Amino acid sequence: MSFLATRYTELVGIEHPIIQEGMGPFKTVALAAAVSNAGGMGTVSMPGMSQEPSEGAAIMRRHIAECAARTDKPFAVNVPVGADDTGKVLPITEAYINAVIEAREADDKVGQQLKVLTTSAGFPGSFAARIKDAGLIHQHKVGSTRQAIKAEEAGADVIIASGYEMGGHTHQSPVHTFVLLPNVTAAVSVPVLLSGGARDGRTLAAALALGASGVAMGTRFIASTDNTDWHPSVAQFVVDAQEGDDVVFPGVYGPARGLRTPATDRLLEIVRNGEMTIDELTEWKDHALQLAQSTGDLENGLVAAGQVSSGIHDVIDVATFVPQMAREASEVLQQLVQGMATASAATV
């Protein structure tokens, strides 16, 4: 049952305007299927940044096939876009985009379910037309109104307005959600999703009030029983986080936000002292991110997560949480309308 139908739910064919963000570089197949089965939009994340393109593409194809086998509902794939100094899309990015398109073409069931490709970190440039021609709904994540307008002009179907407080790759120029979202919704005509700071029905209601058509969450879904591809220590690390426990560090495609660990301190030291080449540092960060997720090593691993961690106090069951979040948002909005009507009547 849909409690909140929006332009986004109608566009992609889901019940609730709740999207699981891309949460790479690691596997999110079980979580993506759970979110989709619960009526939201699950997302298969890109598996890594330092693999050979053919290896990375093969892994992604397997993850897509596995997700399609776990759900009959629509799901998405996230591909962060990297480019070289000339602006040319990196080979690993190209390989992932091709893998998504080829997966749809090779299997009718996958083609019906894999409806959305989310690009982030950088705009896919010449690949935007190919994404559209493949029949995919193209979502693009931005950190500024200028980027949102550019993405819409290039053909993006959905804009994800990601505030600076979000986890994972963030932006060079900090603009937080409460400022960015209404700016973007006023500037573009396509549906807009909020990313950064959302965790429950109240924050979904707030996003809708600011003009969004839904919310995309990563950190909230880390702490879920369905996130079985990740080590449970990471979920508990998010639950235990307090205000101020997050830190911005150099990511692969730009700044990234995560929870402070000894590895974040070590990373900042490496960068400060110039101890590694760019390629060596990329491999180190890719390994450190996957280390925490796969083994729960919070000494040597990096944990990408947002400031919203401080407001997350439990490990959720996705099947229960997603519809409850939508229901709560609907109730909050109804209560606000009723409260305003009562107040207005009392002043007459």
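Everything in this summary refers to the structure shown in the same document. (Residues numbered from 1 in each chain as written. Predicted model: local features only at pLDDT ≥ 70, side-chain atom pairs only at ≥ 80, totals over all residues. Heavy atoms only, no water.)

## Re the packing of aromatic side chains
Thought 1: One pass over the structure, following the stated rule, counts one aromatic pair.
Thought 2: Positioned over the ring face of F321 is R220, at 5.5 Å from the centre of the ring.
Thought 3: Over the face of the ring belonging to Y164 we find R257, whose NZ or CZ atom lies 4.8 Å from the ring centre. (Phe/Tyr/Trp six-rings, centres within 6.5 Å; stacked < 30°, edge-to-face > 60°. Lys NZ or Arg CZ within 6 Å of the ring centre and 35° of its normal.)

## Brief notes about the side chain of N98
Thought 1: As for its placement among the helices and strands, N98 is situated in helix α4 (residues 91–106).
Thought 2: The class of N98 is buried, set by a relative accessible area of 16%. (Helix = DSSP H or I, 4+ residues; strand = E, 2+ residues; numbered from the N terminus. Buried < 20%, exposed > 50% of the residue type's maximum accessible area, 1.4 Å probe, protein only.)

## Details of the pattern of salt bridges
Thought 1: Taken as a whole and assessed by the stated rule, the structure comprises 14 salt bridges.
Thought 2: Between E21 and K141 there is a salt bridge whose closest N-O contact spans 3.0 Å. With a gap of 120 residues between them, E21 in the loop between β1 (18–20) and α2 (29–37) and K141 in strand β5 (residues 137–142) connect regions that are remote in the sequence.
Thought 3: Exposure remark for E21: the relative accessible area of 5% places this residue in the buried category. (Salt bridge = Lys/Arg side-chain N within 4 Å of Asp/Glu carboxyl O.)

## Observations concerning the sheet that holds strand β3 (residues 75–80)
Thought 1: Spatially, eight strands are ordered β1-β9-β8-β6-β5-β4-β3-β2 in an open sheet, and the strand pairing comes out parallel. Sheet topology places β1 and β2 (42–44) at the edges, where each strand pairs with a single neighbour. Neighbour-to-neighbour, the strand axes of the sheet open up by a mean angle of 30 degrees, direction not taken into account.
Thought 2: Here β3 runs beside strand β4 (residues 114–120); their pairing, made up of six bridges, is parallel. Looking at β4, one finds that V77 is bridged to L117.
Thought 3: Strands in contact with α4 are β3 and β4; relative to β3, the strand with the most contacts, it is inclined by about 160 degrees.
Thought 4: Docked against the sheet, helix α9 (residues 201–209) engages β1, β8 (192–195) and β9 (214–217), running at close to 130 degrees with respect to β9. (Pairing = 2+ DSSP bridges. Axes fitted to C-alpha atoms, helices over the stretch in contact; angles between N-to-C directions. Contact = heavy atoms within 4.5 Å.)

## Description of α4
Thought 1: End to end, α4 covers 22 Å across 16 residues, agreeing with the expected 22 Å (1.5 Å per residue, within 8%).
Thought 2: Along α4, the residues classified as buried are I92, T93, A95, Y96, I97, N98, A99, V100, I101, A103 and R104.
Thought 3: Structurally, α4 contributes buried residues whose contacts are with α3 (53–70), β3, α5 (108–113), β4 and α6 (127–133). (Expected span 1.5 Å × (residues − 1).)

## Let's talk about the pairing of strand β11 (residues 255–259)
Thought 1: Across the five residues of β11, five count as buried, placing the element largely inside the fold.
Thought 2: By the bridge criterion, five bridges tie strand β10 (residues 246–250) to β11 in an arrangement that is antiparallel. Across the sheet, P250 pairs through a bridge with P255, a residue of β11.
Thought 3: With antiparallel pairing between neighbouring strands as the criterion, β10 and β11 make up a hairpin whose turn holds four residues, including G254 at a positive phi of roughly 150 degrees.
Thought 4: Bridging between β11 and strand β12 (residues 303–304) involves two bridges; their strand directions are antiparallel. Within β12, the residue paired with G258 across the bridge is A304.

## Some points on the nonpolar core
Thought 1: Residues I159 and F221 are the most contacted members of the largest nonpolar core, which totals 52 residues.
Thought 2: Counting residues per element, this core draws most heavily on helix α14 (residues 318–347), which supplies six residues.
Thought 3: Counting 37 residues, the second largest nonpolar core, distinct from the first, contains I64, I97, F127 and L267. (Core = buried A, V, L, I, M, F, W, Y, C linked by side-chain atoms within 4.5 Å.)

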